[in-house]
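Overview (structure and organization)
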Amino acid sequence: MKSLSTFLILCLACCSLYAQSPGYMGHKTLIAFTKSATLGENRGVLSIVSSPMFSVERLFARHWTAGISTEILKASSDEGRYYNEQYNYLEGDLKATSTGGGLFVKWNFFRASNLLPPLGPYWRLDFQMFGATTKFSSNRPFDQFTNANQDITLSRYLVSSVGLALGSSTVILERVVLDFGIRAKVISPFGISLYQDQDRESNKNLLQPELRKLDFLKAYAGIGILL
Amino acid sequence: MNLVHLQPHTSRQGPTFYPPKVLVKQLFLLMLCLVALAQAMQAQDYDHYVSLKCANPVPEELRTSSSSKYQAEIAKLGNNEDSKAQKEFLLQSNFVLDEMLLSGKVIFNDPVTEYVTRVKDVILASRPDLQKKVKIYVVKSPVVNAFATNSGALLVNMGLLAHLQNEAQLAFVLCHEIQHYIKKHPINGYVNASKLRKNFKSLGLKTQGDLLAERNKYSREQEQEADDLGYELYKASGYALSDAIGVFDVLGTAHLPYDQLPWNFDFFEFDFLRFPEYYHRTKLDSIDRHEEEADSLSTHPNIAKRRQSLIKKVAASGADKGETFLVGAGPFLEMRKMCRFELCDLFMGYHVYELSLYNALLLQAEEPQSPYLHKVIAQSIYGLASHKNMSKFWAIHLDAEEGEGELQQLLHFTERSNDDLFTMIALRHCWKTYLQYPEDQELKAIAEDMLYQFFDQHAETANWVERELPTAMPALVDSIMQVRKLGPQRADIVADSLAAIARAEEAKEQQAKADKEDDFDERGRKKKNAKVVNESVSKEHQKFAKDRLPWSKWAICDLFKEEKFLEAWERVRKSNKTKPSEAEGTDYYVLGGVNDPAEGVNLGIDKIVLLQPVYKRVDMLDKLPVKYLESEQGLDEFRDMVTDVAKRNKVETKFLETRNLKATDAEVINDVATMMQWVSEYVNAEGKVSMVNFKQDDANAMVKKYGTPYFGWNGVMQVRDKLSPEDKAGYLLLGIIVWPLLPVAIIGSQLPHNKTYCVSVVFDVQKGETLMEQTRIFRAKDRKRFVKSTLYDTFFQIKSKPKKKKKK
């Protein structure tokens, strides 16, 4: 992963070497932290579910920016059930965490705004790969022989997603970028299974649709620094 | 000075010895001689007239910012019911006047201004306080006018000075304007207009027309007062009283050239070109002095009333003992001559080529051999022909029906001449002038461009000339001497006979060509159409020669005797009618062309001169739309931004602007004026008519002086205004589509909106090309980040090296 990131950063840097893109006062690289949020059910209660994203992007053409991002998405449910080898039944919490990253490209629509990136409105297209892990946890023991605080990994998948965002950003204090917009993302229903717990009765994939739903449409706001 | 005093004391043995007193005197005399020599050197050379320019020192008021002057003036204002209107007036007048004074169209410390100032000093000899306060500025404008400002600056147009008949008339005009200043008419007029607007209903005014009539009535009273009190000042100044009345003759004919000159067709005619009656106006309208016009909606009483009032006063004053010239007749005539020469340039600047031509012809009576006037005439004819060829003639033409006097014949002639004919006339005249002054590069450019226009716009005629003239030339040259003996109809006779020769020769040539060709097809049968084709070509040619060029066909025939012309003719013909500027510079580097701001250009420029940056804030919803004070402050910030982004992009910049001037910066004002004139000529040419820029020589000098051919201009304007109906409809439509947002859309559609325009232009002055022209509009206030980002991009494009293209 590390070498992949290095490779991607190098590629972006090479792309921009010959780029005729001015950037904002010559600054073409942006490191940003973004928080995206949506309305979702968390443990059965309607609430704002937010997720963080960290990205590095660089202008490579007059209206085009490319970057890499990493994002963490979490969903949870208190309807988890787990059966151990002895078929002891246990109720607990299910937690699904998608951690992934990928590439994105941004295109500023200059003709509408007359602004060059990083200023102004843009479309952004994301291609991401996620490692989605579902875990069961309970603070009750199955029986007298097992300890409390069970934390069992039920499944691990590798899934891909495609996202499209419509956003706008502005610059304050010469180097600080504020970014906001809405994003739609489709997580592929087909994933590569990396790990499956042997117990087939557990609701190990219960949260996967929930994750897809939560990530389908989001509003986001971010802050970044120009380098 | 007694020359004896200058004899040196000599000692018997030693070298010559000069006692200190004599040495001082000698030095003084030497200084006087040097000053006289310098003045003689400065005297205008009318053969190579150079337009008047500002000279050092720059007056104090031009070195002080408008806002400082405004603050100083409002500090003097007391608190009264009119103070708000007075402040408004002072704000506007200070900024508008400064803008004008620094535009380069107003000159100072030049011979004309110095002369007018001397007349002013004579008038105010008994009022030293006023002598200091009243400042004279001469405006480079052909309009017959003068006006006073609240600050004591009297602006006198060159158009007026060129029309005046004597010094006394100038003195009366100045007296009139000085009284406007003394009586504070400008500010009082504004306050009165403000009161009228405020009390519109209570004063019983019903329409805007009523308001205007009331305002102008007050203005007419002020003008009459200035005439009356001005006459008193004039009377005390020592000028001949009756001479003042002549001013109204000048004002009555202000719409005409300063003199009458019968239009002589000989100017264009020669042995092979005579204009038919159609071009001659049989009756010219007499000159209408425009004195009795209704003045109820005018700011001035009509001329007849003013004249009568003055005549009465002069009659009541008794004996007329004054002088017509107090400063001197010589200086007056010299000053007027300079102004008349300036008019040539001014009329050409406004593209009124008919008046610049007429004016130059008038001046030729005084300076018949002046190459400058020959050039102005060629430029004017070239300008008219170029506008005709680009179908823009009617935009610059003065209607012959509205003309009066002798000028009407010239206007009638230009109106009646079709594009074909006028181009040929212009071609001949420009080439004749160029051949007379072959070292003049501008004339060369004009002559060659005329040839390109001829080939480009009148290809059919050019082709005819191409076919006919070389064939006819030997006969033509031989017959010139005989032609002169033939009498009045000589041109037609010779032309017809030459055409016949040409036709016969062409037919012969065609026949010979046809004979040479294989007249038999591959089956051994003789081709049927060999001779028929020749006959049809000949018929077509004869028809064209008869219908299209009935009498003007030989209009340029004598040019074919000229080697330079023949060489140029060949070159243009072979170049496929493409101007060199259009063909060069684009084969290797991607350079030039007005760019699309979205894509940008790469100019690879290291050094650029930036002309007068502009920053304006305008609120269309306010009574005083231009926010002068904010604009002045904004300009400082804008200028800093430009400097910053240029530095970041490593572009060396030099501002050529009339801000923060020093006493020794008159040259800066002159340079700004020169470049602004070039830009004005260029922009006109780009937008309407492609022609040689008459200011190119001056611009080339600027290129040399500043060490770069690249000149740029940046400007920002923020406008606050109501939404346009289309934008309002857009808002409401959005509200209907996304219905929860409807209340926001309704409110939004009613609120004023801001737009910011960022404009950047880069010229290659030497090549006469626009390398960059971009306007970006933001639907927002002039936020620094937007302006900075745009400016940075502009300078980024300026600096970026052009991409190399593969050579074909």
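Located above this text is the structure these notes cover.
Read on for an overview of the structure. Being a predicted model, the structure only gives us computed values, none of them experimental.

1. Section: the overall build of chain A
The number of helices and strands found in chain A is 3 helices and 9 strands. Along its sequence from the N terminus, chain A presents helices and strands in the succession α-β-β-β-β-α-β-β-β-β-α-β. For chain A, buried positions account for 49% of its 227 residues. At a minimum sequence separation of 6, the contacts of chain A that also span at least 24 residues come to 69%. Approximately 11,600 Å² of chain A is accessible, and the part contributed by carbon and sulfur atoms is 63%.

2. Here we look at the nonpolar core
Core analysis: the largest hydrophobic core is formed by 140 residues, its most contacted members being V116, I123, L161 and Y234 of chain B. The element best represented in this core is helix α13 (residues 329–349) of chain B, accounting for 10 residues. Each residue touching Y234 of chain B, except ones within four places of it in the same chain, is listed here: A168, A171, F172, C175, Y239, A240, L241, D243 and A244 of chain B. If you look at the next biggest cluster of nonpolar residues, it comprises 37 residues, including L119 of chain A together with M641, M772 and I798 of chain B.

3. Concerning the packing of aromatic side chains
Residue and element names in this part refer to chain B. Scanning the entire structure with this criterion turns up 45 aromatic pairs over all chains. With 6.3 Å between their ring centres and 75° between their planes, W263 and F265 make a pair best called edge-to-face. Judged by its relative accessible area of 10%, W263 is buried. With centroids separated by 5.7 Å and ring planes inclined at 50°, the aromatic side chains of F265 and F275 adopt a geometry described as tilted. On the criterion of sequence distance, the pair formed by F265 in the loop between α11 (246–252) and α12 (303–316) and F275 in the loop between α11 and α12 is long-range, its members being 10 residues apart. Exposure remark for F275: the relative accessible area of 6% places this residue in the buried category. Taking the ring centre of F393 as reference, the NZ or CZ of K388 above it sits at 4.0 Å.

4. Side note on the sheet that holds strand β5 (residues 146–148) of chain B
All names here are of chain B. Taking strand neighbours across the sheet as the criterion, the 4 strands line up as β3-β4-β6-β5 in an open arrangement whose pairing is mixed. Every interior strand has two partners, whereas the edge strands, β3 (106–107) and β5, have only one. Relative to strand β6 (residues 153–157), β5 runs antiparallel, the two sharing 3 bridges. Across the sheet, the residue bridging to A148 is L154, located in β6.

5. Quick word on the pairing of strand β2 (residues 45–59) of chain A
Where β2 of chain A lies against strand β3 (residues 64–83) of chain A, 7 bridges are found, and the strand directions are antiparallel. Paired with F54 of chain A across the bridge in β3 of chain A is T70 of chain A.

6. Examining the interface of chain B and chain A
Counting residues at the interface gives 23 residues for chain B and 21 residues for chain A. Buried surface at the junction of chain B and chain A, summed over both partners, amounts to about 1,800 Å²; 53% is from carbon and sulfur atoms. In this structure, the connection of chain B to chain A is made through 2 salt bridges. Between K788 of chain B and E174 of chain A there is a salt bridge, and its shortest N-O distance comes to 2.9 Å. For the pair chain B and chain A, the interface holds 6 residue pairs in polar contact (both at pLDDT 80 or more). Breaking the side of chain B that touches chain A down by element, the ones donating at least two residues are α25 (628–648), β11 (769–778) and α30 (784–799) of chain B.

7. Some details on the sheet that holds β11 of chain B
What links the strands of a sheet is backbone hydrogen bonding, and the strands pair in either a parallel or an antiparallel sense. Residue and element names in this part refer to chain B. Pairing within the open sheet is mixed, and its 5 strands lie in the order β8-β7-β9-β10-β11. Unpaired on one side and paired on the other, β8 (652–656) and β11 mark the two borders of the sheet. Taken pair by pair, the neighbouring strands of this sheet meet at an average axis angle of 20°, ignoring direction. Inspection of the sheet shows strand β7 (residues 607–619) paired to strand β9 (residues 710–721) by 9 bridges, in the parallel sense. What sits directly across from V614, in β9, is G715.

8. Digging into helix α5 (residues 111–123) of chain B
Residues and elements named next belong to chain B. In this model α5 runs 19 Å from its N-terminal to its C-terminal C-alpha over 13 residues, within 8% of the 18 Å that 1.5 Å per residue would give. Among all positions of α5, only V112, T113, Y115, V116, V119, K120 and I123 are buried. For α5, the angular spread of the buried residues around the axis is 165°, confining them to a single face. N-capping of α5 is provided by D110, with a side-chain oxygen placed 3.0 Å from the backbone N of V112.

Cut-offs applied
- Here the residue numbering is sequential within each chain, running from 1 through the sequence in written order.
- Each chain gets a letter, beginning with A, and each ligand a number, beginning with 1, in the order they are written.
- Per-residue local features are limited, in this predicted model, to residues with pLDDT of at least 70; the limit for side-chain atom pairs, both in listing and counting, is 80 or more; totals at the level of whole chains, interfaces and linings are taken over all residues.
- Excluded from the side-chain calculation are hydrogens and water; included are all heavy atoms of the structure.
- Here a strand is any run of E in DSSP of at least two residues, a helix any run of H or I of at least four, and the numbering for each starts at the N terminus.
- When a residue's accessible area, from a 1.4 Å probe over protein chains only, is under 20% of the maximum for its type it is buried; when over 50% it is exposed; and in between it is partly exposed.
- Any two residues having at least one pair of non-hydrogen atoms within 4.5 Å are treated as being in contact.
- Residue burial considers only the protein chains on display, and all accessible areas are found by Shrake-Rupley using a 1.4 Å probe.
- As used here, the term nonpolar core means buried Ala, Val, Leu, Ile, Met, Phe, Trp, Tyr and Cys residues forming a set that is joined through side-chain atoms within 4.5 Å.
- Each Phe, Tyr or Trp ring (for Trp, its six-membered ring) is paired with any other whose centre lies within 6.5 Å, and the angle between the two planes then decides the class: stacked below 30 degrees, edge-to-face above 60, tilted in between.
- Over a ring means this: the NZ of a Lys or the CZ of an Arg is within 6 Å of the ring centre and within 35 degrees of the ring normal.
- Here, a strand pair is defined by DSSP locating no fewer than two bridges between the strands.
- When two components associate, each loses some accessible surface as probed by a 1.4 Å sphere; the sum of these losses over both components is called the buried area.
- One side-chain nitrogen of Lys or Arg within 4 Å of one carboxyl oxygen of Asp or Glu is enough to make a salt bridge.
- For this analysis, a polar contact is any N or O atom pair within 3.5 Å, provided that within protein one partner can donate a hydrogen and the other can accept it, and provided that sequence-adjacent residues contribute only side-chain to side-chain pairs.
- Lines fitted to C-alpha atoms define the axes, with helix axes restricted to the stretch in contact, and inter-axis angles between N-to-C directions lie between 0 and 180 degrees.
- Multiply 1.5 Å by the residue count of a helix minus one, and that product is the helix's expected span.
- Here the arc refers to the set of directions running from the helix axis out to each C-beta atom.

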